[in-house]
Amino acid sequence: MPSIYDYSVPKRDGSEFSLAENKGKVMIIVNTATGCGFTPQYEPLEKMYEAYHDKGLEIIDIPCNQFAGQAPESDEEIHEFCTLKYNTQFEQMKKSDINGENALPVYGYLKSQKGFEGFGKGPKAMAMGVMLKKIDKDYLNNPEIKWNFTKFVIDREGNVVARFEPTADMKEVEDCVAGLL
């Protein structure tokens, strides 16, 4: 049975970052975009990083342009945007696919551990459901990543303990992370 630590992700410079380097740490693995309605989630992510990094939190930021072309920039332009606008300090990886035949292998593993369980309640959740039904009529029944800012939380032992859709309250994400530290 594979483990999260068997995977690596490409860094902006093209080298590989082995997730085994984060053994014993809590991780958030998140697919991001610069031009998305959820892009402001960079702010609470950075606040979590600042509050919990010294206690063992790592954030793996993987920009992705698969959802409505909302991350068209180069890796360096994305990095510059995030550091200037949101003062992000966690490392951003190379822009990559997370669904489909060119998806990063780690995403196959993550989706096998925590499938899609819905968008929750509220206006954003309803809007996501309406939009996705037009794109994928069977979206409720497959584990694919539905949109930017889907967050997977991994505990210190490497277990995928939670999947938060972009519509999730960031306070819930923080509570989950804090509970693991």
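The structure contained in this document is the topic of the report that follows. Here the structure is a predicted model, which is why all the values come from computation and not from measurement.

Things to note about the environment of Gly115
If you trace the backbone, Gly115 turns up in the loop between helix H3 (105-113) and helix H4 (123-135). For Gly115 and Asn159, which are 44 residues apart along the polypeptide, the C-alpha to C-alpha distance reads 14 Å. Contacts of Gly115, omitting those with residues within four sequence positions, involve Pro143 and Arg163.

So, the pattern of salt bridges
Summed over all chains, the structure comprises 8 salt bridges. Between Arg12 and Glu76 there is a salt bridge; the shortest N-O distance is 3.2 Å. Highlighted residues: Arg12 in the loop between strand E1 (8-10) and strand E2 (16-18) and Glu76 in helix H2 (residues 75-86), separated in sequence by 64 residues. Linking Glu58 and Lys25 is a salt bridge whose minimum nitrogen-to-oxygen distance equals 3.2 Å. Here Lys25 lies in the loop between E2 and strand E3 (26-32) and Glu58 lies in strand E4 (residues 57-63), a separation of 33 residues in the sequence.

So, how was this worked out
- Residues numbered from 1 in each chain as written.
- Predicted model: local features only at pLDDT ≥ 70, side-chain atom pairs only at ≥ 80, totals over all residues.
- Heavy atoms only, no water.
- Helix = DSSP H or I, 4+ residues; strand = E, 2+ residues; numbered from the N terminus.
- Contact = heavy atoms within 4.5 Å.
- Salt bridge = Lys/Arg side-chain N within 4 Å of Asp/Glu carboxyl O.

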